[in-house]
Amino acid sequence: MWISRLSLRDYRSYPELDLEFSPGVTTFVADNGTGKTNIVEAIGYLAHQRSHRVAFDAPLVHEGRPAATVSALVNRDQRHATVEVTIQAKGANRARVNRNAVKLKDILGLVTCVVFAPEDLSLVRGEPAERRSWIDTLVVARNPRFASIITDFERALKQRNALLKRLREDRDPGLEATLDIWNMAYADSAAELVYGRQRILADIVEPLQTNFAYIAADARLERQGAHIAYDSRIDYSQAASAADCKELLLAALDRRRTTEIERGLTLHGPGRDDLSLMIGTHPAKGYASHGETWSLALAMQLAGWDLLSADAGSAAEQPILVLDDVFAELDTGRRQRLASRVTSAEQVFITAAVDSDLPDGLEGIRIDQSRLLQSGTA
């Protein structure tokens, strides 16, 4: 797929911006603070309904304005659709497709995009929430119905935690009886999410290993191997379905019932799980060098793109690639190898502060600083 037109209204630094694109590589070269990342962030927002830079939406709205709008004309072979999201400074966001109002969840999958950014280092170095967010993004991109499952899970988790806190203060038998009801509601959505994650991991292990070995080709042989696995207090290794995951989760909740009430907190489930990342025989977190950390983060994103591209089956459905100030962080070898992997995509957006940050021989369309400053201010 590819975007032929992008329109921003009151989005970050841009009161108004309209850009037209072609398939292939588009590179934005401009000083930091001129708004190039705002453009690719907006593309990612259409795909994921969240920014890769901030945790909430208010900063996306131009200062003093009530809302921002991001609109793109998306092309798949001979099929075209205008996808639009209005981001409210306060209140609920809205979506439209071809000018018709739709639910936000209905636009998931209309734009698919994989974003590479300096923030990706947190996939390796950061907290478990970063890795959970990464895999959940892939789960939803592969099957948009999981967006509703995640919403149901988060709602059930919130209600269950509130009940556990009340029981910590008052172990009333009638109140405790309702915990069984919430256990079932929580386990229903939690087990679906765990199994969705497990299926992603089963398919992504090989492309992750392949991409890491390629990106880190100049590393010592024993440091060219990478592995990813699900890390949970519950052993799901024999689970063959969401129903199996649910049974295991309910058993864990039953075992830890008293402890959870004493702590007023849910101790088992997808909100407590993590991904184990290894380079060679050592955990990546704490042992990996800066270059290895970058190689693994890039391999994770490339593996996700490979997985979604394989699901798509054709270039018409292949996810858009965004590389936001990534090349500046890489040495020459990794820079060239990454470029050779991504430039074959149907559409790629790259940002860089200076030409020297870009790999040699990069072709495509260039949009420079003067064009960006015509419509936005830092």
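Given the structure is predicted, the values throughout are model-derived calculations rather than measurements.

Engineer: Could you clarify how one ought to interpret the overall build of the protein chain in this entry?
Structural biologist: Across its full length, the protein chain carries eleven helices and 14 strands. Here the C-alpha radius of gyration of the protein chain, 22 Å, is about what a compact globule of 378 residues would show, namely 21 Å. Along the longest, intermediate and shortest principal axes, the C-alpha atoms of the protein chain span 70 × 55 × 35 Å. Across the 378 residues of the protein chain, 52% fall into the buried class. Sequence separation of at least 24 residues holds for 71% of the intrachain contacts in the protein chain that already meet a minimum separation of 6. For the protein chain, the computed accessible surface area is about 17,000 Å², with 48% contributed by carbon and sulfur atoms. Separation of charge centres in the protein chain, based on 45 positive and 52 negative side chains, amounts to 4 Å.

Engineer: Help me understand the pattern of salt bridges in this model?
Structural biologist: Oppositely charged side chains can pair when the atoms bearing their charge come close. Applying the stated criterion across every chain, the model contains 23 salt bridges. Measuring nitrogen to oxygen at the nearest pair gives 2.7 Å for the salt bridge that ties R131 to D274. Taken together, the residues R131 in helix α3 (residues 128-142) and D274 in strand β10 (residues 274-279) connect sequence positions 143 residues apart. Owing to a relative accessible area of 3%, R131 belongs among the buried residues under this scheme. By relative accessible area, D274 is classed as buried at 16%. Residues R366 and D355 are paired through a salt bridge, measuring 2.4 Å at the closest nitrogen-oxygen approach. Taken together, the residues R366 in strand β14 (residues 365-368) and D355 in the loop between β13 (347-352) and β14 connect sequence positions eleven residues apart. With relative accessibility at 44%, the residue D355 sits in the partly exposed group. Residues participating in the shared-partner salt-bridge network are R171, E176, D180 and R257.

Engineer: Is there a simple way to think about the sheet that holds strand β11 (residues 282-283) in this case?
Structural biologist: What links the strands of a sheet is backbone hydrogen bonding, and the strands pair in either a parallel or an antiparallel sense. Taken in spatial order, the three strands of this open sheet run β9-β10-β11, and their pairing is antiparallel. The two strands at the open ends of the sheet, each matched to only one other strand, are β9 (226-231) and β11. For β10 and β11, the ladder comprises two bridges, and the chain directions are antiparallel. In the strand pairing of β11, I279 is matched with H282. Contacts from helix α5 (residues 173-215) reach β9 and β10, with the element oriented near 170 degrees to β9.

Engineer: In this structure, what is going on with the packing of aromatic side chains? I would like to understand it.
Structural biologist: Using the criterion set out here, one finds five aromatic pairs in the structure. Plain terms: the ring middles of F21 and F349 are 4.8 Å apart, the flat faces sit at 75 degrees to each other, and that makes the pair edge-to-face. Taken together, the positions of F21 in the loop between β2 (14-20) and β3 (24-29) and F349 in strand β13 put the pair 328 residues apart, joining distant regions of the chain. Above the plane of the ring of F146 lies R145, whose end atom (NZ or CZ) is 4.8 Å from the centre. Sitting over the face of the ring of Y186, R160 holds its NZ or CZ atom 5.6 Å from the ring centroid.

Engineer: Would you take a moment to explain the pairing of strand β8 (residues 113-116) for this structure?
Structural biologist: For a regular strand, side-chain orientation follows a simple rule: the groups alternate between the two sheet faces. Both faces of β8 are covered, namely the face carrying C113 and V115 and the face carrying V114 and F116. Looking at chain direction, β8 and strand β12 (residues 320-324) are connected through four bridges and run parallel. Bridge pairing in β12 places C113 opposite I320.

Engineer: What am I meant to see in the sheet that holds β8 here?
Structural biologist: Reading across from one edge, β8-β12-β13-β3-β14 is the order of the five strands in this open sheet, with parallel pairing throughout. Each edge of the sheet is formed by a strand with only one pairing partner; in this case those strands are β8 and β14. For this sheet, the mean inter-axis angle between neighbouring strands, taken without regard to orientation, is 15 degrees.

Engineer: Is there a simple way to explain the nonpolar core in this structure?
Structural biologist: One recurring pattern in soluble globular proteins: nonpolar side chains tend to sit buried together. Formed by 71 residues in total, the largest nonpolar core has its most connected members in W134, L296, L321, L323 and L338. By residue number, the principal contributor to this core is α5, which donates twelve residues. Aside from chain neighbours lying at most four places away, what touches L321 is V114, F116, W305, V342, A345, Q347, V348 and F349. One finds L6, F28, V40 and I107 within the second-largest nonpolar core, a separate group that totals 40 residues.

Engineer: Would you mind going over the packing of α3 against helix α9 (residues 290-312) with me for this structure?
Structural biologist: The relative placement of two packed helices comes down to the angle between their axes together with the axis-to-axis distance. Direction vectors running N to C along α3 and α9 enclose 10 degrees, while the axes themselves pass 11 Å from each other. If you check the angle between α3 and α9, you find them roughly parallel. Taken together, the residues of α9 that come into contact with α3 (itself represented by W134, L138, A141 and R142) are M300, Q301, G304, L307, L308 and D311. Looking at the contact of α3 with α9 residue by residue, the class counts come to six nonpolar, two polar and two charged.

Engineer: How do you make sense of the environment of L179 when you look at a structure like this?
Structural biologist: Residue position: L179 is located in helix α5. Of the residues examined, L179 reaches a relative accessible area of 1% and is grouped as buried. A C-alpha to C-alpha distance of 7.2 Å links L179 and L163, two positions 16 residues apart in sequence. With near-sequence residues (within four places) excluded, L179 lies in contact with R160, L163, L164, L167, R257 and I261.

What counts and how
Residues numbered from 1 in each chain as written. Predicted model: local features only at pLDDT ≥ 70, side-chain atom pairs only at ≥ 80, totals over all residues. Heavy atoms only, no water. Helix = DSSP H or I, 4+ residues; strand = E, 2+ residues; numbered from the N terminus. Rg over C-alpha atoms; globule rule 2.2 N^0.38 Å. Buried < 20%, exposed > 50% of the residue type's maximum accessible area, 1.4 Å probe, protein only. Contact = heavy atoms within 4.5 Å. Areas by Shrake-Rupley, 256 points an atom, 1.4 Å probe, with all protein chains shown as cover. Lys, Arg positive; Asp, Glu negative; His and termini not counted. Charge placed at Lys NZ, Arg CZ, Asp CG, Glu CD. Salt bridge = Lys/Arg side-chain N within 4 Å of Asp/Glu carboxyl O. Pairing = 2+ DSSP bridges. Axes fitted to C-alpha atoms, helices over the stretch in contact; angles between N-to-C directions. Phe/Tyr/Trp six-rings, centres within 6.5 Å; stacked < 30°, edge-to-face > 60°. Lys NZ or Arg CZ within 6 Å of the ring centre and 35° of its normal. Core = buried A, V, L, I, M, F, W, Y, C linked by side-chain atoms within 4.5 Å. Parallel < 35°, antiparallel > 145°, perpendicular 65-115°, else oblique. Nonpolar A, V, L, I, M, F, W, Y, C, P; charged D, E, K, R; others polar.

Shape descriptors only; they carry no functional weight alone.
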